[in-house]
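Spelled out, the chains give:
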Amino acid sequence: MSDRSYRFTHAITRAPAASITSGLRAVDTGTPDLALMQQHHADYVATLRATGATVIELPALPAYPDSVFVEDTALCLQEGAVVMRPGAPTRLGEAAEMAPTLRALYAEVVTIDGPGTIEGGDILTTEREILVGRSARTDAAGIAEMTRAVARWGYAVREVFTPPGVLHFKTDCSLLDGETILATKRLDASGCFKGYRVIHTAEGEEAAANAIRFNDVVLLPSGFPRTAEALSRAGFTLREIGNSECAKLDGGMSCLSLRFSPTR
Ligand code: CIR
């Protein structure tokens, strides 16, 4: 089986801006501490780099408080990239800011023009398909436009649903390897992972679901010991990264990077 869904030569990250304190959040659980977020972010970048990948660190964009969450701006595949059209009005401009970096790396970059909206956090790429969760940020028209965009490279897209009240599809799941997914029980109960091997987050540790497999390691937000133990028992190599400040803005491990191996 191929492993292109979790082996990557490159990642893109963006430094958190001081304006992060005005980032979007579903529920106010306190103001994020920029200095602590910067520490966590540095640890995250170092962990990606330690796997041998090239990490492109973009400068902070103070005009966009949520711009540290680069994942939402693009879908990066091997053959090309698709620039998203975020459903959050305050985040719309972030996608255009990402486009030049992608054009420097890929021969083919296509853009979602709208009127539909779609954010990268709703997209899970596995070895066999691209799953997209319809959510408050990602609508049917956005998914249809993305489906047409990736058809040129031979990808099949399957529309699924992000649970109500959950920000993004990947808030509740992540890919662990070519056939294994880490998911909350509530998302798995929707039946969207039929045919995959699923490991559930432990009861009360649903926020551990937003992890990433990046080359040989799984980056897991710290503070979820029972889920960490289940993953270690299943044979995965874990790196736990502090996520307390991003969590205040509904962000996790996947949101902080774009991960890919471009073929030019
Ligand atoms: C937002 O609401 O857009 C940000 N505060 C969090 C984005 C998290 N991104 C992601 O899950 N891919």
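Summarised in this report is the structure supplied together with it. Position labels on residues start from 1 in each chain and follow its written sequence. Per-residue local features are limited, in this predicted model, to residues with pLDDT of at least 70; the limit for side-chain atom pairs, both in listing and counting, is 80 or more; totals at the level of whole chains, interfaces and linings are taken over all residues. Values shown for side chains rest on all heavy atoms present in the structure; no hydrogens or waters enter the calculation.

Once that is clear, we can look at unusual backbone geometry. A cis amide bond links Gly114 with the next residue in sequence, Pro115, at an omega value of 15 degrees. Relative to the helices and strands, Pro115 resides in the loop between strand 5 (109–111) and strand 6 (123–125). Unlike most non-glycine residues, Asn215 shows phi in positive territory, near 55 degrees. The helix and strand labels rest on DSSP assignments: H or I over at least four residues marks a helix, E over at least two residues marks a strand, and numbering proceeds from the N terminus. As for its position among the elements, Asn215 is in the loop between strand 12 (212–214) and strand 13 (217–221). Despite not being glycine, Asp250 shows a phi value in the positive range, around 65 degrees. With respect to the element layout, Asp250 can be found in the loop between helix 6 (244–247) and strand 15 (258–260). Taking the relative accessible area as the measure of exposure, Asp250 reaches 29% and is therefore partly exposed. In this scheme, a residue with accessible area under 20% of its type's maximum is buried, one over 50% is exposed, and one in between is partly exposed, where area comes from a 1.4 Å probe on protein chains only.

Our focus in this paragraph is the pattern of salt bridges. Oppositely charged side chains may form a pair once their charged atoms are brought near each other. Here, a salt bridge means any Lys or Arg side-chain nitrogen found within 4 Å of an Asp or Glu carboxyl oxygen. In the structure shown here, the tally under the stated rule is 17 salt bridges. One salt bridge in this structure joins Asp3 and Arg7, with 3.1 Å as the shortest N-O distance. A relative accessible area of 31% places Asp3 in the partly exposed class. One salt bridge in this structure joins Arg158 and Glu129, with 2.9 Å as the shortest N-O distance. Pair noted here: Arg158 is in strand 8 (residues 157–161) and Glu129 is in the loop between strand 6 and strand 7 (130–134), with a separation of 29 residues, a long-range link. Here the salt bridges do not stand alone but share partners, grouping Asp3, Arg7 and Asp216 into one network.

Turning our attention to the environment of Val218. Here Val218 lies in strand 13. What makes Val218 buried here is its relative accessible area of 1%. Val218 sits 25 residues away from Asn243 along the chain, and the two C-alpha atoms are 14 Å apart. Contacts are assigned to residue pairs that have any heavy atoms within 4.5 Å of one another. Apart from residues lying up to four places away in sequence, Val218 is in contact with Leu176, Ala211, Ile212, Arg213, Phe236, Thr237, Leu238 and Arg239.

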